[in-house]
Amino acid sequence: MPDLAPIIDTLTQSSGSMIIKFILCGFLIMLMSSNMKLPIFAYYSRISDDYGRTHLIDAAPTIFALSQGLFSYLIGSLSHRWGTARILIFGTFFASVVLLALPGSENPISFVLLYGFCASFALTCISYVPLSVLIDQVSERGKTGFSYALVINGAAVGYVIFAPVWILAQTSIHWQDSFRYESAAFASLGIILLFVFREFSWRPNEAPCHDLKREFLFPRSAHWNSHEKRIFAILGAGFFCCGATMSFIDALLVPPWQMQNATSWVMASSLSVLGLLEIISGLIAGYLADGLHKLKYLGAFYSLKGLSFLLFAFLYSPLTAMTFCIVFGVSFLGSVVMTSAVSLEVFCSRRHGSIFGMLFLIHQIGGVIALGFGFMTIRNLHAFFLHILILSSLTLIAALACFATRYPLSPSLRTRRNGVIRR
């Protein structure tokens, strides 16, 4: 188990105030980034009505999710070339511009293009991938996991805070005005980032990495050794399942409960517990990610996800609904934090952005496929629960692969902890 004392010592040293500043800034970025998707769901019916209930509006969230995966790979690569500070500042101001332009869309095509591609690109610039690179750059080696967990918990807190706010706002504020208010908030965030990053090196010096120029935008697997290929395949398969299960939670969790006549109190209380445990899950994973045996911990998180879906598929009662949310909630953000930690430990720092971006692309593909299959089967209860069973089985297989795999560290990390690595 990792020791928290070195983390506390780091935060109390002279450089600790700068690290705390970046962590708080990253938390605020993730808090605001949760607002890029919430309004479209809160105002979905109104936006669809304004554009004539065309199927183009129905496709906007899917286009958004897929393009976010593609942009994650690009932004992960550019974070090292241009610097994460530039990426984050550009992303906040670009988000402000896009949100200001969305209310002026004269037809559904322009709305879908702006939201599905431009808003997705802006969100990618201020979300998981570039912030993972930033935390790696500003934190001491061996202390990045807990710092990253603190940062990405901003998204979980944002959903808890802003989801009810947007639901209430849609009853009294027109969607065009809401997008304009949000645009002003992102512009303010961009100004804050300009102030915070004014003394930050735009592209910090990092340890050299072999084949970096050849692998900048297209890190061909031919340049990887056998261990890296195997680990990437395992991380990719697991993150595919992670995206699939998370998309289920986001869009498909409530309908089967409704089909089984669950009460509003059971659904509301279960989702509240799930949201709370999402925050706790990230902190637990961050604590564990600064120790050894990261792949084993990742396997444990996937095991919890898979077992929770087995419980969901075969049993239903108010007690099992709450139990499902507790078990899944404990693993919710753990797989994201631990995947980032394993990627950083296996691949060198200068490749971490592009590799994690590729993994996030796989994550989004898994989410889109699972969502599409879920919507096709949701009206047939037996087929829908077969879908749940498949998700559970694939996730448990990914967990077994994590448990069965050992890997060496990248050359830049083999001297960590006084040069002694215990396996």
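Residues numbered from 1 in each chain as written. Predicted model: local features only at pLDDT ≥ 70, side-chain atom pairs only at ≥ 80, totals over all residues. Heavy atoms only, no water.

## Notes on the overall build of the protein chain
Logical step 1: On a plain count of helices and strands, the protein chain comes out with 18 helices and zero strands.
Logical step 2: Counted over contacts in the protein chain with a minimum sequence separation of 6, partners at least 24 positions apart contribute 85%.
Logical step 3: For the protein chain, the accessible area works out to roughly 17900 Å², and carbon and sulfur atoms hold 68% of it. (Helix = DSSP H or I, 4+ residues; strand = E, 2+ residues; numbered from the N terminus. Contact = heavy atoms within 4.5 Å. Areas by Shrake-Rupley, 256 points an atom, 1.4 Å probe, with all protein chains shown as cover.)

## Examining the nonpolar core
Logical step 1: With 108 residues, the main nonpolar core has Ile47, Phe111, Tyr128, Phe248, Trp257 and Phe324 as its most contacted residues.
Logical step 2: Beyond its immediate stretch of four places on either side in the chain, phenylalanine 248 contacts Leu253, Phe309, Phe312, Phe384, His387, Ile388 and Leu391.
Logical step 3: Phe71, Ile75, Phe121 and Cys125 belong to the second largest nonpolar core, which has six residues in total. (Core = buried A, V, L, I, M, F, W, Y, C linked by side-chain atoms within 4.5 Å. Buried < 20%, exposed > 50% of the residue type's maximum accessible area, 1.4 Å probe, protein only.)

## Some words on the environment of isoleucine 234
Logical step 1: Following the sequence through the fold, isoleucine 234 ends up in helix 11 (residues 226-251).
Logical step 2: Here isoleucine 234 falls in the buried class, since its relative accessible area comes to 12%.
Logical step 3: Expressed as a C-alpha distance, the spacing of isoleucine 234 and alanine 401, which sit 167 residues apart in the sequence, is 6.7 Å.
Logical step 4: In contact with isoleucine 234, not counting residues within four places along its chain, are Ala401, Cys402 and Thr405.

## Brief notes about the packing of aromatic side chains
Logical step 1: Under the counting rule described, the total for this entry stands at 21 aromatic pairs.
Logical step 2: Clustering of aromatic rings is evident, with ring pairs tying together Tyr51, Phe64, Phe111, Tyr115, Trp175 and Phe179.
Logical step 3: Across the ring face of phenylalanine 332, the terminal group of lysine 305 is positioned such that the distance to the ring centre comes to 5.9 Å. (Phe/Tyr/Trp six-rings, centres within 6.5 Å; stacked < 30°, edge-to-face > 60°. Lys NZ or Arg CZ within 6 Å of the ring centre and 35° of its normal.)

## Describing the side chain of asparagine 35
Logical step 1: Locating asparagine 35 in the fold gives a position in the loop between helix 2 (16-33) and helix 3 (38-42).
Logical step 2: Beyond its immediate sequence surroundings of up to four residues, asparagine 35 is in contact with Phe162, Trp166 and Glu182.

## Comments concerning the pattern of salt bridges
Logical step 1: Under the defined criterion, the tally for this structure stands at two salt bridges.
Logical step 2: In this structure, the salt-bridge partner of aspartate 177 is arginine 180, at a minimum N-O distance of 3.1 Å. On the criterion of helical spacing, the pair formed by aspartate 177 and arginine 180 is a turn pair, its members being three residues apart in helix 10 (residues 175-196).
Logical step 3: For aspartate 177, a relative accessible area of 32% gives the class partly exposed.
Logical step 4: Residue class for arginine 180 comes out partly exposed when judged on its relative accessible area of 38%.
Logical step 5: Residue lysine 294 pairs with glutamate 345 through a salt bridge whose shortest N-O separation is 3.0 Å. Taken together, the residues span a long stretch of sequence, with lysine 294 in helix 14 (residues 294-314) and glutamate 345 in helix 16 (residues 334-346) at a distance of 51 residues.
Logical step 6: Relative accessible area serves as the criterion here: at 3%, lysine 294 is assigned to the buried category. (Salt bridge = Lys/Arg side-chain N within 4 Å of Asp/Glu carboxyl O.)

## Side note on helix 7 (residues 108-125)
Logical step 1: If you check helix 7, its first and last C-alpha atoms are 25 Å apart, about what 18 residues at 1.5 Å a residue would give, namely 26 Å.
Logical step 2: A maximum bend of about 25° is found in helix 7 at alanine 119.
Logical step 3: N-cap assignment for helix 7: the residue whose side-chain oxygen lies 3.1 Å from the backbone N of isoleucine 109 is asparagine 107. (Expected span 1.5 Å × (residues − 1). Bend = angle between axes of the 7 residues up to and from the residue. Polar contact = N/O pair within 3.5 Å; in protein donor to acceptor, adjacent residues only side chain to side chain.)

## A short note on the state of the cysteines
Logical step 1: Scanning the model with the defined rule gives zero disulfides in all.
Logical step 2: The thiol of cysteine 241 is not disulfide-bonded; the next cysteine sulfur, from cysteine 242, is found 8.8 Å away.
Logical step 3: What makes cysteine 241 buried here is its relative accessible area of 7%. (Disulfide = S-S within 2.5 Å.)

## Notes on a nonpolar patch on the surface
Logical step 1: Where nonpolar side chains cluster on the molecular surface, the patch consists of Phe373, Met376, Leu386, Ile390, Leu394 and Ile397 and spans about 580 Å² of accessible area.
Logical step 2: Of all the secondary-structure elements, those providing two or more residues to the nonpolar patch are helix 17 (349-377) and helix 18 (381-403).
Logical step 3: Among the secondary structure elements, phenylalanine 373 is positioned in helix 17.
Logical step 4: Relative accessible area serves as the criterion here: at 34%, phenylalanine 373 is assigned to the partly exposed category. (Patch = residues over 30% accessible without salt bridge, like charges linked within 9 Å, V, L, I, M, F, W, Y side chains within 5 Å.)

## Things to note about the packing of helix 5 (residues 55-82) against helix 8 (residues 128-138)
Each packed pair of helices is defined by two parameters, the angle between the axes and the distance between the axes.
Logical step 1: Between helix 5 and helix 8, whose axes approach to 8 Å, the crossing angle comes to 25°. What the angle tells us is that helix 5 and helix 8 run roughly parallel. The chirality of how helix 5 crosses helix 8 is right-handed. Listed contacts from helix 8 to Ser72, Ile75, Gly76, Ser79 and His80 of helix 5 are Val129, Pro130, Val133 and Gln137. (Axes fitted to C-alpha atoms, helices over the stretch in contact; angles between N-to-C directions. Parallel < 35°, antiparallel > 145°, perpendicular 65-115°, else oblique. Left-handed = near helix turned anticlockwise from the far one by under 90°.)

## Thoughts on helix 16
Logical step 1: The end-to-end C-alpha distance of helix 16, which contains 13 residues, comes to 18 Å, matching closely the 18 Å that a straight helix rising 1.5 Å per residue would cover.
Logical step 2: Extensive coverage of helix 16 is indicated by the burial of 13 of its 13 residues.

## Looking at the environment of phenylalanine 71
Logical step 1: When you line up the elements, phenylalanine 71 lands in helix 5.
Logical step 2: As for phenylalanine 71 and cysteine 125, which are separated by 54 residues in sequence, their C-alpha atoms are 8.4 Å apart.

## Digging into the packing of helix 14 against helix 15 (residues 318-331)
Logical step 1: At a minimum axis separation of 8 Å, helix 14 and helix 15 run at an interaxial angle of 165°. Considering their axes alone, helix 14 and helix 15 lie roughly antiparallel with respect to each other. As helix 14 runs across helix 15, the sense of the crossing is left-handed. Only Thr320, Thr323, Phe324, Val327, Phe328, Val330 and Ser331 of helix 15 make contact with helix 14, whose side of the interface consists of Phe301, Leu304, Lys305, Ser308, Phe309, Leu311 and Phe312.

## As for the environment of serine 340
Logical step 1: With respect to the helices and strands, serine 340 occurs in helix 16.
Logical step 2: According to the relative accessible area criterion, serine 340 is buried, its value standing at 6%.
Logical step 3: When neighbours within four sequence positions are excluded, serine 340 is seen to be in contact with Ser132, Tyr148, His352 and Phe356.

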